[in-house]
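Geometric and topological summary
Listed below are the residues making up each chain.
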Amino acid sequence: QAPKWASEAKKLAEQNDTNDLAFGHESYQVDTLDRIIQRTTVSEVLLPDYLSISKISAIRLPSASPNCIETVEYHPQARSILLTSGMDKNLHIFKTEGTTSESIFCAKFKDLPISASHFNVDGTEIISAGRRPFFYCTDVATEKVIRINGFKGRQEREWSTFCISKCGKFMFFCGQNGFIVVVCAKTKQWISNLKMNENVKAICCSADSKYLFSVGQTNTVYIWDLVTLRCIKRFSDDGGTLGT
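Residues numbered from 1 in each chain as written. Predicted model: local features only at pLDDT ≥ 70, side-chain atom pairs only at ≥ 80, totals over all residues. Heavy atoms only, no water.

Describing the overall build of the chain
Across its full length, the chain carries three helices and 16 strands. Every one of the 244 residues in the chain was classed for burial, and the buried ones make up 39%. (Helix = DSSP H or I, 4+ residues; strand = E, 2+ residues; numbered from the N terminus. Buried < 20%, exposed > 50% of the residue type's maximum accessible area, 1.4 Å probe, protein only.)

Structural notes on a nonpolar patch on the surface
Residues Tyr211, Phe213 and Ile232 make up a contiguous nonpolar surface patch of roughly 250 Å² in combined accessible area. Relative to the assigned elements, Tyr211 resides in strand 14 (residues 211–216). (Patch = residues over 30% accessible without salt bridge, like charges linked within 9 Å, V, L, I, M, F, W, Y side chains within 5 Å. Areas by Shrake-Rupley, 256 points an atom, 1.4 Å probe, with all protein chains shown as cover. Salt bridge = Lys/Arg side-chain N within 4 Å of Asp/Glu carboxyl O.)

So, the pairing of strand 12 (residues 190–195)
Looking at chain direction, strand 11 (residues 179–184) and strand 12 are connected through five bridges and run antiparallel. In the strand pairing of strand 12, Val182 is matched with Ser192. Taking the residues that link successive antiparallel strands as the turn, the strand 11-strand 12 hairpin has five residues, and the phi of Lys188 there is positive, at about 65°. (Pairing = 2+ DSSP bridges.)

Remarks on the sheet that holds strand 12
Strand order in the open sheet formed by four strands is 9-10-11-12, and the pairing between neighbours is antiparallel. Here the strands that pair on one side only, and so sit at the sheet edges, are strand 9 (162–164) and strand 12. Each adjacent strand pair in this sheet contributes to an overall mean axis angle of 20°, direction not counted. By the bridge criterion, three bridges tie strand 9 to strand 10 (residues 170–174) in an arrangement that is antiparallel. Within strand 10, the position partnered with Phe162 by the bridge is Phe173. (Axes fitted to C-alpha atoms, helices over the stretch in contact; angles between N-to-C directions.)

With respect to the packing of aromatic side chains
A full pass over the atoms with the stated rule returns ten aromatic pairs. Judged by centre distance (5.8 Å) and plane angle (40°), the rings of Phe135 and Phe151 are tilted. Linking Phe135 in strand 7 (residues 135–139) with Phe151 in the loop between strand 8 (145–148) and strand 9, this pair joins segments that are 16 residues apart in sequence. No difference in accessibility class separates Phe135 from Phe151, as the two residues are buried. Within the aromatic cluster, the residues linked to one another by ring pairs are Phe135, Phe151, Trp159, Phe162 and Phe173. (Phe/Tyr/Trp six-rings, centres within 6.5 Å; stacked < 30°, edge-to-face > 60°.)

Here we look at the pattern of salt bridges
Taken as a whole, this structure holds four salt bridges when the rule is applied. Residue Asp111 is joined to Arg147 by a salt bridge in which the shortest nitrogen-to-oxygen separation is 2.9 Å. With Asp111 in the loop between strand 4 (100–108) and strand 5 (114–119) and Arg147 in strand 8, the pair connects residues that are 36 residues apart, well separated along the chain. We classify Asp111 as partly exposed; its relative accessible area is 27%. Taking the relative accessible area as the measure of exposure, Arg147 reaches 38% and is therefore partly exposed.

As for unusual backbone geometry
For Glu143, which is not a glycine, the phi torsion comes out positive at approximately 65°. For Glu143, the location among the structural elements is in the loop between strand 7 and strand 8. Relative accessible area serves as the criterion here: at 45%, Glu143 is assigned to the partly exposed category. Here the phi dihedral of Lys188 falls at roughly 65°; this positive angle occurs in a residue that is not glycine. Mapping Lys188 onto the fold places it in the loop between strand 11 and strand 12.

Comments concerning the environment of Gly175
Mapped onto the elements, Gly175 comes out in the loop between strand 10 and strand 11. Its relative accessible area of 15% is what places Gly175 among the buried residues. Distance in space between the C-alpha atoms of Gly175 and Ser160 is 9.1 Å, their sequence separation being 15 residues.

A word on the sheet that holds strand 6 (residues 125–130)
Strands sit in the order 5-6-7-8 across an open sheet of four strands; the sheet is antiparallel. Two strands in the sheet have a free side with no partner beyond their single neighbour: strand 5 and strand 8. Here the strands of the sheet are splayed against their neighbours by 20° on average, with no regard to which way each runs. Here strand 7 runs beside strand 8; their pairing, made up of four bridges, is antiparallel.

Set out below in structure tokens:
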């Protein structure tokens, strides 16, 4: 049985056809879905009770311990290339085609349990970080690994959470005491600091690289303008418990 609020909304929508969208009534009408399918392709319609899933080949990590994978990410340009990394200190690159997969590269960081690894914007480099005051950069073409020992003027004990802007210009690291450290993605040099009023829990860059979103321990979301490097808005996620 439908809840009271849904029944009342449906009744009001039936009385006034102009309010169909406002009450969400039209979304549940079979004839409406039929009309959508007739004027567009099925691939453009998200059906309410059907999710299409295709299974690809399983990726098996060589000599990996259980429950160690922290990151799985596809190459931004070559979708057959996949990276994995985790707390076993290993970075793997696989080539996946159809029902087969092949390990093509593995790096072992003896002093870094990896909490996050990301390709840069063009996929030529992989940045791997963890709960240490340094991180590693791996050149995909030459397989050369370089250690970056933090940033001048910053005394953080770990760089376990970071993201890279879609434009490829910036990297953002979650620092201590509410600081977000802005770094040049190419040179790995410090650019600036952004300051929240609470500890930073998660960060994410917008697809157009105009904004950075960050969330703190009280589920307050900050929106940063990446031109002025200033906070332009913040709001509380009232329904959240732990922002990611």
